[in-house]
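Okay, here's what each chain looks like letter by letter:
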Amino acid sequence: MAKKIFPYLLLVPTFIIIVIFIYYPAFQTFKLSFYKISPFGNRLFFVGFQNFWSLFTSGQYIQSALTTLIFVTVTVIGGLVISLFLALLLNEKVPGIGIFRTLIFAPYAISPAVAGTLWAFLLSPVAGYVSYLFLILFKAQPQWLTTYPLALIAIMIATIWKNLGFNVIFFLAGLQSIPQSYYEAATIDGANSFDRLLRITIPLLSPITFYLIVMNVTFTAFSAFATIDVMTQGGPANTTSTLIYKLYQDGFVNFNTGFASAESVVLILIMAVFTYLYFKFGQKAVFYQ
Amino acid sequence: MWRKILLFSAMAVLASAIFAAPVTIQFWHAMGGTDRIQLLQNLANEFMQQNPDIKVDVQYTGSYTDTMTKMIAAVRAGNPPDLVMIYDIGTQMMIDSGVVIPVQNMIDKDPSFDINTLVPASRGYYTVGGKLYSMPFNSSNPVIFYNKTLFEKAGLDPNNPPTTFEEFIADAKKLTVKDANGNTIQYGFTFGSGEPLAWFFEQFMAVQNALLLNNNNGRDGRATKAVFANDAGLRIFNFFNEMVQNGSAINAGPGWDNARQIFISQRAAMLITSTSDVNMMVKAAQSGNFSLGVMFLPHPSDVPYGGVIVGGASLWMVNTNNTQREEATWKFLKFLESTDAQIQWSTGTGYFPVNKNAIIKLLYEGYYAKNPPYLVTVLQLLMSNVTPATRGGATGAFPQIRTAVDTAFGKMFTKAMTPQQALQWAQDQANQAIANYNSMY
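Asker: Before we move on, can you summarise the interface of chain B and chain A with the specific residues and values?
Answerer: At the junction of the two partners, chain B supplies 38 residues and chain A supplies 34 residues. Summing the contributions of chain B and of chain A, the shared interface buries around 3200 Å²; its carbon and sulfur component is 59%. Broken down residue by residue, the surface that chain B buries against chain A is led by B:Arg76, B:Pro254 and B:Met440, which jointly contribute 19%. Here chain B and chain A share ten residue pairs in polar contact (both at pLDDT 80 or more) between them. Looking at the side of chain B that touches chain A, the elements that each hand over two or more residues are α3 (64-76), α4 (91-97), β10 (184-193), β11 (249-254), α20 (398-413) and α21 (419-438) of chain B. Considering each element in turn, the side of chain B that touches chain A owes the most residues, seven residues, to α3(B).

Asker: Any chance you could break down the packing of aromatic side chains for me, citing the residues and the numbers?
Answerer: Residues and elements named next belong to chain B. Under the criterion given, the structure shown has 53 aromatic pairs over all chains. Measuring from ring centre to ring centre gives 5.1 Å for Phe 191 and Phe 240, while their planes differ by 80°; the resulting arrangement is edge-to-face. Residue Phe 191 is found in strand β10, and its partner Phe 240 is found in helix α11 (residues 231-245); the two are separated by 49 residues along the sequence. Looking at Phe 191, the relative accessible area reads 0%, which means it is buried. Residue classification places Phe 240 among the buried residues on the basis of a relative accessible area of 1%. Pairing Phe 200 with Trp 256 gives two aromatic rings, centres 6.0 Å apart and planes at 80°, and the pair type is edge-to-face. Note that Phe 200 is positioned in helix α9 (residues 195-207) and Trp 256 in the loop between β11 and α12 (257-264), a separation of 56 residues in sequence. Classification of Phe 200 as buried rests on a relative accessible area of 1%. Note on Trp 256: relative accessible area 32%, which makes it partly exposed.

Asker: I'd like a description of the side chain of B:Ser134, backed by residues and values.
Answerer: All names here are of chain B. Looking at the element boundaries, Ser 134 is found in the loop between β6 (131-132) and β7 (135-140). A distance of 2.7 Å separates a polar atom in the side chain of Ser 134 from a polar atom in the side chain of Ser 314. Leave out the neighbours within four places in its chain, and Ser 134 touches Val 103, Tyr 126, Ser 314, Leu 315 and Trp 316.

Asker: Give a detailed account of the packing of helix α3 (residues 59-90) of chain A against helix α4 (residues 97-109) of chain A, specifying residues and quantitative values.
Answerer: Residue and element names in this part refer to chain A. Where α3 meets α4, the axes come as close as 10 Å, and the angle between the chain directions of the two elements is 160°. In this view, α3 runs roughly antiparallel relative to α4, as classed from their interaxial angle. Crossing of α3 over α4 shows left-handed handedness. Of the residues in α4, those touching α3 at Leu 86, Leu 89 and Leu 90 are Ile 97, Phe 100, Arg 101 and Ile 104. Its residues assigned to classes, the contact of α3 with α4 comprises six nonpolar, no polar and one charged.

Conventions we followed
- Residues numbered from 1 in each chain as written.
- Chains lettered and ligands numbered in written order.
- Predicted model: local features only at pLDDT ≥ 70, side-chain atom pairs only at ≥ 80, totals over all residues.
- Heavy atoms only, no water.
- Contact = heavy atoms within 4.5 Å.
- Buried area = accessible area lost by both parts, 1.4 Å probe.
- Polar contact = N/O pair within 3.5 Å; in protein donor to acceptor, adjacent residues only side chain to side chain.
- Helix = DSSP H or I, 4+ residues; strand = E, 2+ residues; numbered from the N terminus.
- Phe/Tyr/Trp six-rings, centres within 6.5 Å; stacked < 30°, edge-to-face > 60°.
- Buried < 20%, exposed > 50% of the residue type's maximum accessible area, 1.4 Å probe, protein only.
- Axes fitted to C-alpha atoms, helices over the stretch in contact; angles between N-to-C directions.
- Parallel < 35°, antiparallel > 145°, perpendicular 65-115°, else oblique.
- Left-handed = near helix turned anticlockwise from the far one by under 90°.
- Nonpolar A, V, L, I, M, F, W, Y, C, P; charged D, E, K, R; others polar.

Structure below.
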């Protein structure tokens, strides 16, 4: 009997923390999503599903859902393709490769807010280096952060850049675990380098890629918040307002707690469905060695 | 032996509690930057020296929005500060919160404080239903800073800045400089979007003496409708749109910083920003080697000039059910409103004094003669007509209205909507937000 209780006792501290910081707030969020609440919480009215109804009939919410979809798709696919390409280059045995690897990984170590500030500087309409380069090379003055769709593209670039290091490191680890003998055998059989990439490298990288897709979707959907807040604040005209940014605006700028809770619940459901689908169907496409 | 020690120590504790009896009050503010944080701390230190029995715990709690968020969280957790700085548009929300003590209650009890020393515009903004709810502290307006050196280069008279929308648009065009390839190397005008832009919109409504909300801007009763989608609102949308579309103005992006940078680096000749930036601009002009001018907000030529609305923030007393702390807080508030404290605060930041005596003293000492930009910022406020329009709107849905107005500007700038459509869209959003807020009260 004592044997059975002891492990649970060890779990108690963890459990307490999870209950206080995750389950209790999550429960509160579910509860509040059915209420209309005054900013200071002194007025509370039960409204049933009205918050959800207003969400789905609100053009702005649908727009921000679409923005999120476009943003996440382009950022994740673009980010992974670029990362794979860089990882292939960094996998070559050339002198000083360690330095390049470190430099590529560096952006991952800074916070999203700093990344946003950096890019906002670079893209600043009159003082930024990128704007200056565009002026010299293409004789053009794109207004990156205040026009559509450039603002969204700018956020995508910043997010891809920020997550690049993480993806490259994982791809590199994957590449280095592929035995050299496979390539040698393939070369003897007459496969060119493109065949080797397509038939050996990419299939053998699929477990890592699957993991990275899941991680990147989460990153992009949730942690791009700080980057957006610093660079565009969801503008111009909400074209860079993702679901998570809209949630922040409704909850912490407009003080619409009930409405924001409903958004939060929708977000939890989206993530739950996504995770379920991916683990159900995603694994079939993955080739394990 | 032990009993004696215990007795003595108990007595010692009791004695210190009776004789020193320090009351600690919490003061939360939203004035960022090391200068301003230090300035407020210095004021609190001076107060504590004068009143050794009161300890003021000064805390910088982030931006206006962050401070409001923290205030709400603190109230819900049952542990609010004694004194908190809340932005202009939080006024109705604070009144509805049920946790504040209107400063009018304290003033009525205390003949040593003369309410008539408060600058009328600041007092008017924070008076709702005939009651002064919070103490004006850091009051500001928007003004236009301009680069006199660039005015001269463009062949414009630097001592005769534009006063109407039409002149402003024409001058902005003349101040725009393009290189051989047709790229703009200097803009006529720059502004920050986001919250600042929505604030400028409210101000230009007051400039035209037009209301934002019904029931006299929510001053005669709870506002139930937004009323800005009219000719006055449209003139403002067109004003900004024309300059953005013809390339003489540049939208600097969200917030205050980007626009300031563009102006300071002399890539734009005119900047609309808060009067509280006057310190920063004066210094920037000195180090950037250009001559700085300040002008009043322009108005459409066919509409007489109304005035500006007090912006910035005020100080709210929180009901803590602790008379001792409330009295200490009131004492501290009176200190902050005093002539000397207001002079320190105003000259150290650029916010204008909210105490008439401070303005008079600065004037007599020759401060305004030596620092004309500061004079313009004060004059713009004092020369404003006091009408319901210039007293500003009061509604609990104000943050959402600002978001909607800024979004509408974005829709117009990106040509997703015409100015007329964008304005109407903003008003519809505002009405929805007001109805939603009011349904709770």
